[in-house]
Amino acid sequence: MEHASKFVYVYDHSDSEDVDLDDPDEPSSVKSPAAGASVQKRDSTQHAAPKTARRSQTFLGSVGSSLRTIFSARSRKGKSEKSHSSGEEDDDSATVPQAPVQQSPRTSAPKKKKRVREADPNIVTFKFSKLVDPSHMQTGDPIACTECSACLSQLSELRDAAGEGKTWRCEFCDKENLLPHFSEVQKPAEEDVTYMVEPAPAVQAGQPVGFDESVVVFCIDVSGSMGATVQGPGNQYISRLDGVKMAIDQQLTKLCQDYPRRRVCLIAFESRVQINGDCSAMPVALTANYDNAQAVMDEARGLSSLRPVSETAGTIRERVRRMRTLGSTALGPALAAALSIAIQTPGSQVIMCTDGLANVGIGSLQSSDQVHTAEPFYEQMKDLAKQHGVSISIISIEGGDCKLGQLGILADATGGQVNIVDPLQLRDEFGSILESRVLATNVRATLYLHRGLYVRYETSMVNVVTRDVGSVTGDQEITFEYGVRRGQTNASGAEADAEASGGDPQEPEQKSEDRDSKVRNPVDDLEFVPFQLQLRYTASDGSKAVRVFTQRRRLTRDRAEAEKSVNVRVVATHAVQQTARLAEQGRYRSSHAYNVGMSRKMSSWRSGDDYDDSQVQSAYEACSSDLVRNVRLEARRHPSGKKQSTSHASSSLATASDQTANAVYRAKKKSLF
């Protein structure tokens, strides 16, 4: 686990900020050409102690220039910190140079504002790349609390029981657990422990682990629109399908060199689904009812005899060269056929390349009614792929429209990739997909916090949260943000409701009698608090394990101390991911406001880790610029700022543009470095 700070910041009341969400593309606002969004800070206790001054700082509107200014502003920073005792703040508006305001003949429109909680570094993350090196292996299940299922760790204190054994009071829920017949060797000595729950199938059967014989299914759209052309080098025009052909040709060469035992299956689809297999036999057009996914899968399963790519690359190349465009787009039936073949070998990959809407058979997405009807089908395909450890990547050709908000769910849950690609760049994209191997499947991450803390942006104020991550690759990371309970001891308080409805809550103001009585939190008497992350997963060899990380962090009530030497990489990664998660839920204005608030704080935080701030700036800008631009466009399309209504929470992007869906799916698990 990585923390954004060496300390846990314990606050009595959260500060809040008014974020201006003026769109620089809207001419009705009178502002500097560079101005875009600003933040005004408020103290949540200002009703008790009126301020004598207010902070105002301009956040540059152009995404690229704003992010560059955020990090360069550190060298110019000379502001004094807010005095918590007096509630006064110094005016630091001069820290960012302002261009002269050009007067506009238009009448100034009221600024769009949203109130957000002032960001703090109470953030923790985990890079999934660390799963490749299990440490301190133990066999069997870990010892767990009977109340909350937190695991016994190196931080646990054991006492002699009245009879035989030991007692352990859980650090997270305070439950006293009796451990009969306990041996000291059962207590972990390290903060990182891996428990092997179930060995790999090959080992279990007494057989050696073989070479990588997984399947790569190229599922290619050859409908009429794939014949559209783009201008390539030397003023030559190539079709979208030509770009796909060149990409497959290059990857066959690479597979033969690096993974000669892998097997390749070629499926082409238009109005029909054509199974080419390893191209050693004539292609077979599926005759099953295309409205029946199970019938399609049953027929395709019998056509899946595949030999190693080292033996079939030549015949596959020849079949690919002969592919021609015609007809409509039976994407849903093609997906079902591809999965029926891939799931027979865990660790396989499906690469689907398309440029248009599914419009034949099950999974059709042409109308809003069809989108609604197709949701259960795509959910079924997603769950099937997750269950068998198969990744699905969705590649949309630039200029097309395939409803990535719907299809992207498949890649998001299975460790695949989503992208909109220029036909001339398909070779690089296919290569990136094949090199990005799934490290683990069926991943479930559970974070445990001390009962005096809670995980933000959940539907209730809980200190234990589980996320069904699915399949993961080495460039993915999971992040959590947490807060401090203050007078909110149940799981259905106003703050939880605020977070559920808006995603960027202002903590509810406590009644004056609550403040006067100084409602105590269990952490008030502590110097340290524990953190535990449990990862349950199936490894690439089929073994099942539980990885347990347990750490502790010192508490501080001094914001300045908590914000000293912040790990900006952790903050930037979380800021990108949380911006994407809010957008995924259709909360576009909340997403934009959150990004502005976090970016503002990062401008004042210095990295105390090994990462150079300019590197973080470049990575943050690369990940967030496209995301923020599309979030702002969607916010204008949905000015109410309310969560979009759908029957499945996972499909809240169904009404978003392909560009927005692409940006969200690519950012929500992204790791910076």
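Definitions and cut-offs
Residues numbered from 1 in each chain as written. Predicted model: local features only at pLDDT ≥ 70, side-chain atom pairs only at ≥ 80, totals over all residues. Heavy atoms only, no water. Salt bridge = Lys/Arg side-chain N within 4 Å of Asp/Glu carboxyl O. Helix = DSSP H or I, 4+ residues; strand = E, 2+ residues; numbered from the N terminus. Buried < 20%, exposed > 50% of the residue type's maximum accessible area, 1.4 Å probe, protein only. Pairing = 2+ DSSP bridges. pLDDT = per-residue confidence, 0-100. Contact = heavy atoms within 4.5 Å. Expected span 1.5 Å × (residues − 1). Core = buried A, V, L, I, M, F, W, Y, C linked by side-chain atoms within 4.5 Å. Polar contact = N/O pair within 3.5 Å; in protein donor to acceptor, adjacent residues only side chain to side chain. Axes fitted to C-alpha atoms, helices over the stretch in contact; angles between N-to-C directions. Phe/Tyr/Trp six-rings, centres within 6.5 Å; stacked < 30°, edge-to-face > 60°. Disulfide = S-S within 2.5 Å. Parallel < 35°, antiparallel > 145°, perpendicular 65-115°, else oblique. Left-handed = near helix turned anticlockwise from the far one by under 90°. Nonpolar A, V, L, I, M, F, W, Y, C, P; charged D, E, K, R; others polar.

1. Some details on the pattern of salt bridges
All chains considered together, the criterion is met by 36 salt bridges. Among the salt bridges present, the one from lysine 166 reaches aspartate 160, with a minimum N-O distance of 2.5 Å. As a salt-bridge pair, arginine 569 and glutamate 477 come within 2.8 Å of each other at their nearest N and O atoms. With arginine 569 in helix 13 (residues 568-584) and glutamate 477 in strand 25 (residues 477-484), this pair connects stretches of sequence that are 92 residues apart. Across the pair, exposure class does not vary: arginine 569 and glutamate 477 are buried alike. Look at the salt bridges and you will find they share partners, linking Glu118, Arg559, Glu563 and Lys601 into a network.

2. Some points on the pairing of strand 10 (residues 166-169)
With three bridges connecting them, strand 9 (residues 158-160) and strand 10 associate as antiparallel partners. Pairing of leucine 158 across the sheet is with tryptophan 168, part of strand 10. Joining the antiparallel neighbours strand 9 and strand 10 is a turn of five residues, in which glycine 165 adopts a positive phi near 105°. Of the strand pairs in this sheet, strand 10 and strand 11 (residues 176-179) are connected by four bridges, and their pairing is antiparallel. Counterpart to lysine 166 in the pairing with strand 11 is leucine 179. Between strand 10 and strand 11, which follow one another and run antiparallel, lie six residues, and aspartate 174 among them has a positive phi close to 75°.

3. Remarks on the confidence of the model for the protein
Detailed reading of the predicted model is not advised wherever pLDDT is low. Scored by pLDDT, the protein comes out at a mean of 79, with 76% of its residues at no less than 70. Within the model, the stretch residues 23-39 combines pLDDT values under 50 with 56 contacts to residues more than four positions away or in other chains.

4. What about helix 14 (residues 588-602)?
The terminal C-alpha atoms of helix 14, which comprises 15 residues, lie 21 Å apart, in line with the 21 Å expected from a rise of 1.5 Å per residue. With 15 of its 15 residues buried, helix 14 lies for the most part within the structure.

5. Section: the environment of glycine 542
Mapped onto the elements, glycine 542 comes out in the loop between strand 26 (528-539) and strand 27 (544-556). Separated by 341 residues in the primary sequence, glycine 542 and proline 201 place their C-alpha atoms 6.2 Å from one another.

6. A few points about the nonpolar core
Counting residues in hydrophobic clusters, the biggest one holds 86 residues, and the most contacted among them are Ile267, Val273 and Tyr378. If near-sequence neighbours (up to four positions away) are discounted, isoleucine 267 is found in contact with Val217, Phe218, Cys219, Ile220, Val273, Gln274, Ile275, Asn276, Ala337, Ala338 and Ile341. Judged by nonpolar contacts, the second largest core, of 36 residues, contains Tyr454, Met461, Ala545 and Leu555.

7. With respect to the environment of aspartate 422
With respect to the helices and strands, aspartate 422 occurs in the loop between strand 21 (418-421) and helix 9 (426-435). Overall, the relative accessible area of 25% leaves aspartate 422 in the partly exposed class. Polar side-chain contacts of aspartate 422 include one of 2.7 Å to the backbone nitrogen of leucine 424.

8. Some words on the sheet that holds strand 7 (residues 123-127)
Taken together, the four strands give an open sheet; going across it, the order is 1-7-25-23, and neighbouring strands pair in antiparallel fashion. Single-partner strands in this sheet number two, and they are strand 1 (2-3) and strand 23 (453-455). With five bridges connecting them, strand 7 and strand 25 associate as antiparallel partners. Bridging across to strand 25, phenylalanine 126 finds its partner in isoleucine 478. Here helix 13 sits on the sheet in contact with strand 1, strand 7 and strand 25, set at roughly 90° to strand 25.

9. Topic: the packing of aromatic side chains
Overall, the coordinates contain eight aromatic pairs when judged by the stated rule. Pairing phenylalanine 218 with phenylalanine 430 gives two aromatic rings, centres 5.9 Å apart and planes at 10°, and the pair type is stacked. Here the residue phenylalanine 218 occupies a position in strand 13 (residues 215-221), and phenylalanine 430 occupies one in helix 9, the gap between them amounting to 212 residues. Summarising the burial analysis for this pair, phenylalanine 218 and phenylalanine 430 share the class buried. With a centroid separation of 5.7 Å and 90° between ring planes, the pair formed by tyrosine 457 and tyrosine 594 is classed as edge-to-face. Pair noted here: tyrosine 457 is in the loop between strand 23 and strand 24 (464-473) and tyrosine 594 is in helix 14, with a separation of 137 residues, a long-range link. An identical accessibility class is assigned to tyrosine 457 and tyrosine 594; each is buried. Put simply, the rings of Phe126, Phe128 and Phe549 pair up and form one aromatic cluster.

10. A word on the state of the cysteines
Going through the model one piece at a time under the given rule, you end up with zero disulfides. Residue cysteine 145 stays outside any disulfide, its sulfur separated by 3.6 Å from that of cysteine 173, the closest cysteine. On the basis of relative accessibility, which here comes to 3%, the residue cysteine 145 falls in the buried class.

11. Remarks on the side chain of arginine 587
By the element assignment, arginine 587 lies in the loop between helix 13 and helix 14. With a relative accessible area of 8%, arginine 587 lands in the buried category. Polar contacts involving the side chain of arginine 587 include one to the side chain of glutamine 585, which spans 2.6 Å.

12. As for the environment of arginine 451
Tracing the backbone through its elements, the reader meets arginine 451 in the loop between strand 22 (438-449) and strand 23. Taking the C-alpha atoms as reference points, arginine 451 and proline 522, 71 residues apart in sequence, are found 7.4 Å from one another. Sequence-distant contacts of arginine 451, that is, excluding residues within four places in its chain, are made with Phe172, Cys173, Asp174, Asn463, Arg485 and Pro522.

13. Quick look at the packing of helix 13 against helix 16 (residues 658-667)
In the contact formed by helix 13 and helix 16, the axes pass within 8 Å of each other and the chain directions differ by 135°. Comparing their axes, helix 16 and helix 13 come out oblique. The crossing of helix 13 and helix 16 is left-handed. Every residue of helix 16 that contacts helix 13 at Val576, Gln577, Ala580, Ala583 and Glu584 is listed here: Val664, Tyr665 and Ala667. Here the contact of helix 13 with helix 16 is built from residues that sort into six nonpolar, one polar and one charged.

14. Considerations on the sheet that holds strand 9
Pairing within the open sheet is antiparallel, and its three strands lie in the order 9-10-11. A single partner strand is all that each edge strand has here, and the edge strands are strand 9 and strand 11. Going from strand to strand, the sheet's axes swing by 30° on average, the running direction of each strand aside.

15. Remarks on the side chain of histidine 450
Turning to its location among the elements, histidine 450 is positioned in the loop between strand 22 and strand 23. Residues contacting histidine 450, with those up to four places away along its chain left out, are Glu171, Phe172, Asn463, Pro522, Val523, Leu526, Val529 and Pro530.

16. A short note on the packing of helix 4 (residues 293-301) against helix 6 (residues 331-342)
Contact pair helix 4 / helix 6: the axes reach a minimum separation of 8 Å and the direction vectors enclose 45°. In terms of axis orientation, helix 4 runs oblique to helix 6. Here helix 4 runs over helix 6; the crossing is right-handed. Together, Ala293, Val296, Met297, Ala300 and Arg301 of helix 4 and Pro333, Ala336, Ala337, Ser340 and Ile341 of helix 6 make up the contact between the two elements. By residue class, the composition of the contact of helix 4 with helix 6 is eight nonpolar, one polar and one charged.

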